[in-house]
Amino acid sequence: MRSFKLIERYKSTQVHALTPPDANPSSTTTSCAATGKVNHHSKWLKLSQTISASAAEPLLPCGLPKTELIEPPIDPHLKSVNHVETLASLYRRFQTCSKLDKLLICLEQYSLLRSLGDPKLLRRCLWTARQNVADVPSKVVLSAWLRYERREDELLGSTSMECGGHILECPKAAMVPRYDSNSFYDHCQCRLGTEDGSDKQMIVGDDGCSTSNEDNDVSFCIGDEEINCVRNKIAVLSGPFETMLYGSFIESNRVKIDFSENGISVEGMRAVEVFSRTRRLDSFNPEIVLELLSFANRFCCEEMKSACDAYLASLVCNIGDALILIDYGLEETASLLVAACLQVLLRELPSSLYNLKVVKIFCSIEAKERLAMVGHASFLLYYFLSQVAMEENMVSKTTVMLLERLRECATEKWQKALALHQLGCVRLERKEYEDAECCFEAAIGVGHVYSVAGLARAKYKQGHQYSSYDLMNSLISDYKSVGWMYQERSLYCNGRMKIFDLNTATQLDPMLSFPYKYRAVALMEEKQIRASITEIDKIIGFKVSPDCLELRAWFFIALEDYPSALRDIRALLALEPNYMMFHWKVSADHLVELLSCRVQQWSQADCWMQLYDRWSCIDDIGSLAVIHQMLVNDPHKSLLRFRQSLLLLRLNCQKAAMRSLRLARNHSVSEHERLVYEGWISYDTGHHEEALSKAEESIALQRSFEAFFLKAYVLADTSLNPESSAYVIQLLEEALKCPSDGLRKGQALNNLGSIYVDCGKLDLAADCYMNALDIKHTRAHQGLARVCHLKNQKKAAYNEMTKLIDKARNNASAYEKRSEYCDREMAMNDLSMATRLDPLRTYPYRYRAAVLMDDQKETEAVEELTRALAFKPDLQMLHLRAAFYESMSNFISAIQDCEAALCLDPNHTDTLDLYKRARDEAATHQQQK
C-alpha cells in the first residue's frame, strides 16, 4: 500500500499570521562596508532600531472598543428552557428503552450537556453510548470520538490506530460486532499479546494450489490455461455455482468449462480453487483478494465475500491504505472494509479533514448515498464529523456540507433541531442571513425554543430590529424567564430598557459574559475606565475567557498601564496560543512584543521569583503570565508546561490545561518524566488505574517528587481507609525527600496535612501546614483553620481563614470556608460575599437553603436552589432540593429532581436511595387516595 503524507492542520480555532515590521539594517551594513571597519555594536544598533520601530507602532490600531461592535454569539448547541425537566426525561427514557435505543438517548444527552461545558459529563455520555452498541459502524465512530476527546493526535509518537489500552476505545474491539458491556475503565487484551504470525499458516507450493488428479473432476478454462477444481467444493461456494454444476445447465455435464468471459484472471481463479478447499486467503496478495471480492459479489459467494472483506479490513493501517481501499469497499459493498477505512480516517481527525480526498468521501450527497449503501451513513457519523469541523473552522464550506448531510440523516425531532440550529449558526457566521433565518425557523418548527434567538439575530442582521424585539418579547412572555432571553432582547432595544435587560440577564444567569462586557465598554465610552475594569473583573474572577482578558487588556492600554495589559495578554495566550485581538487586526503575540518595549524586562531568575510571589498570593492569572514569559525563553521546558496546566485547571480551563499537559509530555527529556505526564493525562481523563501504573513505572525508572506525588494523589482520590491512608502518607513523605521547588513541596505538605487530619493526627497535620506556610504556600491557612476547628479553637480557625482572605487574590473559596467557623449571621455575610465573587460555587446556595428550611421557610428554601439550578444544573443541589420536596410530600417533584441528578451521575448512591424512597412514598400516597 502506498503511503500518504498528511496535510498539516491548524492547531487552533483562530488561525492567523502576522509578520511584524522588520527593522532594515541595510544602511548600517553599507556604512561598515564602505569604511572597511567592522562595527562591533551593530547588533545593538539593530536591536535599538527594532525597539524604536515597535515603540512607534500604535498599540490601539482600532481605537477603543465600542458597544455597537460587540454582540454575544448564538451557541451552536441544543438548549433547554428547563434543564431539570429535560434531564429527568432523558434518565427515565434511558432506563426504560431497549438496548438499541440507548445510543440515541446518549447522543441526545451529549448534545444537551455540551452547553454546560463539563468534559467529564460529555465523556461519560460517549462511554455509555459505546457500551450500548453492538454494530461495527457505531463502534468505529464512538471509539474514534473518544480518542478525539482525549486529543491523542497531539501526543508525539502515537499513531491513530494505536490502542490506548481501554476496550471502549480500542480500534480492534470496534471491528467486532458484539456488545462490550465492560466498565469504562476495563483494559483490552491487545497490548498483552503480540502477533508473531504463528497462527497464520501460509499455503505455499503446488499442494496449496491444486489437489490430486483423482479428486479433480472439473476444469475452468481461462484462455489457454486450465484450473483443475473439485466440482462439489466449487458448488458449495454459492447457489449459482451449485445450479451451474449440478443443475439443468449444460455445464453440469462438462468436464471443462470456459470461464474466459467472466472477468477473472488465471491467478484469481486459482485463488478461488484454493479458497474452495481451505477457506483461507492469507497466501494471496491484496490485489488477488480484491479480485476475489469482486468475483464473490458477481457469483453470490457470501462466505468468500465475508472472508475477503475481513482480510482486506485487516490490512488497513494508515490513511494511505484507507484512501485506496475505501473505493473498492464501497463499490463491492464490503461493509467491514469500509468500516476499517473509516476508522483510520476518523481516528486521524481533525487533520484528515484538511485532506481533499477525505472531504470527498464524506461531504457530497452522492458520497453520503454511497456510504448508506454499506450501512455507514448514520446520524452518529455526521454528528461527530460536523462537531470536529465546527471546532476547526466554523465558517468553512466543509462544515456547511457536513451539517447538510447531518440534517439529511436526522430522523427524530431533537436530531432535526440540532442539525438545523447548528446549520443556522454557521450560516449566521458566514453572513448568509436569509439561509440562517430559514434554518432557525425550521429548528423552531421541530420544537427548539433557543433557535428563536438565532432567528431574531438573523432578522436583525437584515435590518428588522423591531421584528427581532417582538420575537424575544413574545418568548419572554410565553416561557419562564431564562438569562439568554433577556440578553438577546437587549440587543434590540436602547437606553434604560437595554440596561434593565442586561442586568436581568446577569441576575438569572451570571455565567453569561456579554452583559459584563457591554456594561464595561459602556463605562469606557463614558470615560470611566477604572469602573469598566471593575465591571469586567467581576466575571474574570470566576470565569476566565480569552475575550474578557482581551477586553481588560484593552482598558489597561487605554490607561497606559502596560504591565497589567501585558499580564492579561500573556495569560490569554496560555488559553488560546493563536489569538487575534482588536477585531482580528493584531495577533496577541505581536502585541506582546509591542508592550514588552514599554515595561521592565525580567531575567529567567526574576521570573522564578515573580512566579513564586504570585503563586503564593493565589494570583492565577499573574502566575500564568509569568510562566508564558518563561516559556518564550525556553519553549521546550516541560516543567513549565506542567505548571501551566495546573494553573489552567485551577481556573477551570480544562481544554487549555490538557493541551499544556500534552505539550509537557511531548517536551519531556526523560522516560520517567514522560510517564508522569502521561499519568496525569490518564487521571484527568478518568483512567485512574492507568495513572497509577504510569506512576509506578516512573518510580521504577527513577525516584522523583512528581512520580511519588502522582501516585499519592491518585490513591487518595480513589479511596481512603486507614491502611491506604498510611500508604499515601508514606508516598508523600518519599516525595518530600526528592528534589523539587517550594511551590510543589508546599502542595505536598498541604496534602500530607489533609491526610493526617483524616487520620486524626492533628498535631502532625499542624506541623505540615506550618511548614507549608514557611515556604509561602498560602492555601495551608485553610488546612490550619480546619485543625484549629477540630481542636475546638473556633476563633483561631476564623483568624486563619481571615489571613488567607487578606493574602489571596482569588478568595471566594476562602470566604466560603470561613463561614464554617463563625455564627450564622457572619456566615451568611461570608457566603453572600462568596456568591458575589463567584456565583458558580454551589455550597453558599445549599447553606442558605438549609437555613431557610430550618426556619420552616420551605418555599424560600426551594426557590434559593431553583435560582442556581436555572443556570447550573448541579448534582448536590438537585439532591438537596429533592430531599426538600420529599419532606414537603411533593413526591412528583422529588422524583423529577432525583432523575435529573441521576442523569448527571447514575451511580450516586445517596440520590439512588432517595429516588427509591420517593417513588415508594409516591406509590403509597397514590394508593391511599
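Colleague: Teacher, can you tell me more about the sheet that holds strand β3 (residues 256-258) here?
Modeller: Across a sheet, paired strands are connected by hydrogen bonds in the backbone, their directions being either parallel or antiparallel. Taking strand neighbours across the sheet as the criterion, the 3 strands line up as β2-β1-β3 in an open arrangement whose pairing is mixed. Edge strands, defined here as strands with exactly one partner in the open sheet, are β2 (225-229) and β3. Strand after strand, the sheet turns through a mean of 30° between neighbouring axes, direction not considered. Sheet contacts for helix α11 (residues 266-278): β1 (218-222) and β2; angle to β2, the most-contacted strand, approximately 5°.

Colleague: I would appreciate a short explanation of the packing of helix α35 (residues 671-684) against helix α36 (residues 688-701) in the present structure.
Modeller: A pair of packed helices is captured by two measures, namely the crossing angle of their axes and the spacing between those axes. Where α35 contacts α36, the axes come no closer than 8 Å and their chain directions differ by 165°. Compared by their axis directions, α35 and α36 come out roughly antiparallel. Every pair of crossing elements has a handedness; the one defined by α35 and α36 is left-handed. Residues Glu671, His672, Leu675, Val676, Glu678, Gly679, Ser682 and Tyr683 of α35 form the contact with α36, whose own contacting residues are His688, Glu690, Ala691, Lys694, Glu697, Ser698 and Leu701. In terms of residue class, the contact of α35 with α36 is made up of 5 nonpolar, 5 polar and 5 charged.

Colleague: How should the pairing of β1 be read in this particular structure?
Modeller: Side chains on a regular strand alternate between the two faces of the sheet. Within β1, 5 of the 5 residues are buried, which leaves it mostly tucked inside the rest of the structure. Inspection of the sheet shows β1 paired to β2 by 5 bridges, in the antiparallel sense. Considered in β2, the bridge of Ser219 is made with Asn228. In this antiparallel pair of consecutive strands, β1 and β2, the connection spans 2 residues, and Gly223 shows a positive phi of 65°.

Colleague: Help me understand the packing of α35 against helix α37 (residues 705-718), please; the structure alone is not making it clear to me.
Modeller: Between α35 and α37, the shortest axis-to-axis distance is 10 Å and the interhelical angle comes to 20°. Considered as vectors, α35 and α37 are oriented roughly parallel to each other. Relative to α37, α35 is oriented so that their crossing is left-handed. Contacts between α35 and α37 involve Val676, Gly679, Trp680 and Tyr683 on the former and, on the latter, Glu706, Ala707, Phe709, Leu710, Tyr713, Val714 and Asp717. Tallied by class, the residues present in the contact of α35 with α37 amount to 8 nonpolar, 1 polar and 2 charged.

Colleague: Whenever I open this one, the nonpolar core confuses me. Can you help?
Modeller: Nonpolar side chains tend toward joint burial in soluble globular proteins. One finds Phe220, Phe259, Met304, Leu346, Phe362 and Leu591 to be the most contacted residues of the largest nonpolar core, which totals 236 residues. Considering each element in turn, this core owes the most residues, 10 residues, to helix α18 (residues 379-392). Not counting chain neighbours up to four residues away, the residues in contact with Phe259 comprise Phe220, Cys221, Ile222, Phe241, Met244, Ile264, Met269, Phe295 and Phe299. Formed by 44 residues, the second largest nonpolar core is a distinct cluster that contains Phe708, Leu752, Ile755 and Leu784.

Colleague: Sorry, what's going on with helix α32 (residues 620-633) here?
Modeller: Each α-helix winds once per 3.6 residues, and so residues spaced three or four apart point in a common direction. Helix length check: α32, at 14 residues, gives a terminal C-alpha distance of 20 Å against a target of 20 Å (1.5 Å per residue), a fit within 8%. Within α32, 12 of the 14 residues are buried, which leaves the element mostly enclosed by the surrounding structure. Here α32 has its buried residues at Asp620, Ile621, Gly622, Ser623, Leu624, Ala625, Val626, Ile627, His628, Gln629, Met630 and Leu631. The inward-facing, buried residues of α32 abut α27 (529-540), α28 (546-558), α29 (562-575), α31 (604-616) and α33 (638-650).

Colleague: So what exactly am I meant to see when it comes to helix α48 (residues 891-904) here?
Modeller: The terminal C-alpha atoms of α48, which comprises 14 residues, lie 20 Å apart, in line with the 20 Å expected from a rise of 1.5 Å per residue. For α48, the tally of buried residues reaches 11 of 14 residues, placing the bulk of the element in the interior. Turning to α48, its buried residues number three or more, namely Phe891, Ala894, Ile895, Asp897, Cys898, Glu899, Ala900, Ala901, Leu902, Cys903 and Leu904. Looking at the buried residues of α48, the elements they touch are α3 (83-96), α4 (102-113), α5 (119-131), α47 (875-887) and α49 (909-928).

Colleague: What's the story with the confidence of the model for the protein chain in this structure? I'm lost.
Modeller: The predicted coordinates should not be examined in detail at positions where pLDDT is low. Per-residue pLDDT for the protein chain averages 88, and the proportion of residues at 70 or more is 90%. Scored below 50 in pLDDT, residues 1-56 shows 68 contacts in the model against residues more than four places distant or in partner chains. Low pLDDT, under 50, characterises residues 193-211; the stretch is placed with 25 contacts to residues that sit more than four places away or in other chains.

Colleague: What's the story with the side chain of Ser704 in this structure? I'm lost.
Modeller: Inspection of the secondary structure assignment puts Ser704 in the loop between α36 and α37. Within polar-contact distance, the side chain of Ser704 engages the backbone nitrogen of Ala707 at 3.3 Å. Apart from residues no more than four positions distant in its own chain, Ser704 is found in contact with His672, Ser698 and Cys738.

Colleague: What's the story with the packing of aromatic side chains in this structure? I'm lost.
Modeller: A ring pair, where both rings are aromatic, is described by two values, the distance of the centres and the angle of the planes. Tallied over the entire structure, the rule returns 29 aromatic pairs. Each ring, one from Phe241 and one from Phe259, has its centre 6.3 Å from the other, and the planes form 25°; the classification is stacked. In this pair, Phe241 is assigned in helix α10 (residues 239-246) and Phe259 in the loop between β3 and α11, connecting sequence segments 18 residues apart. For the pair shown, Phe241 and Phe259 are each scored as buried. Among the aromatic residues, ring-to-ring pairing joins Tyr110, Trp145, Tyr148, Phe379, Tyr383, Phe384 and Trp414 into one connected group.

Colleague: What am I meant to see in unusual backbone geometry here?
Modeller: The step from Leu349 to Pro350 runs through a cis peptide bond, and the omega angle for that step is 5°. One can find Pro350 in the loop between α15 (335-347) and α16 (356-362). Within the chain, Lys527 stands out as a residue other than glycine whose phi angle is a positive 65°. Mapped onto the fold, Lys527 is located in the loop between α26 (514-525) and α27. Residue class for Lys527 comes out exposed when judged on its relative accessible area of 69%.

Colleague: I tried to follow the environment of Pro76 on my own but got confused; where do I start?
Modeller: As for its position among the elements, Pro76 is in the loop between α2 (42-56) and α3. Exposure remark for Pro76: the relative accessible area of 18% places this residue in the buried category. Residues Pro76 and Gly164 lie 88 residues apart in sequence; the distance between their C-alpha atoms is 31 Å. Not counting residues up to four positions away in its chain, the partners in contact with Pro76 are Met390, Met394, His421, Gln422 and Cys425.

Colleague: Where do I start with the environment of Ala417 in this structure?
Modeller: One can find Ala417 in helix α20 (residues 413-429). Note on Ala417: relative accessible area 4%, which makes it buried. Along the chain, Ala417 and Asn829 lie 412 residues apart, while their C-alpha atoms are 44 Å from each other. Ignoring anything within four residues of it in the chain, the contact list for Ala417 reads Leu78, Ala443, Val446 and His448.

Colleague: How do you make sense of the pattern of salt bridges when you look at a structure like this?
Modeller: Here the idea is simple: oppositely charged side chains can pair when their charged atoms come close. Tallying each qualifying case throughout the model produces 54 salt bridges. Ionic pairing is found between Arg427 and Glu432, a salt bridge with its closest N-O pair at 2.7 Å. Taking the shortest distance from any N to any O, the salt bridge between Glu432 and Arg430 comes out at 3.0 Å. For Arg430, a relative accessible area of 28% puts it in the partly exposed group. The structure contains a network of salt bridges with shared partners spanning Glu404, Arg407, Arg427, Arg430 and Glu432.

What counts as what
- Residues numbered from 1 in each chain as written.
- Predicted model: local features only at pLDDT ≥ 70, side-chain atom pairs only at ≥ 80, totals over all residues.
- Heavy atoms only, no water.
- Pairing = 2+ DSSP bridges.
- Helix = DSSP H or I, 4+ residues; strand = E, 2+ residues; numbered from the N terminus.
- Axes fitted to C-alpha atoms, helices over the stretch in contact; angles between N-to-C directions.
- Contact = heavy atoms within 4.5 Å.
- Parallel < 35°, antiparallel > 145°, perpendicular 65-115°, else oblique.
- Left-handed = near helix turned anticlockwise from the far one by under 90°.
- Nonpolar A, V, L, I, M, F, W, Y, C, P; charged D, E, K, R; others polar.
- Buried < 20%, exposed > 50% of the residue type's maximum accessible area, 1.4 Å probe, protein only.
- Core = buried A, V, L, I, M, F, W, Y, C linked by side-chain atoms within 4.5 Å.
- Expected span 1.5 Å × (residues − 1).
- pLDDT = per-residue confidence, 0-100.
- Polar contact = N/O pair within 3.5 Å; in protein donor to acceptor, adjacent residues only side chain to side chain.
- Phe/Tyr/Trp six-rings, centres within 6.5 Å; stacked < 30°, edge-to-face > 60°.
- Salt bridge = Lys/Arg side-chain N within 4 Å of Asp/Glu carboxyl O.

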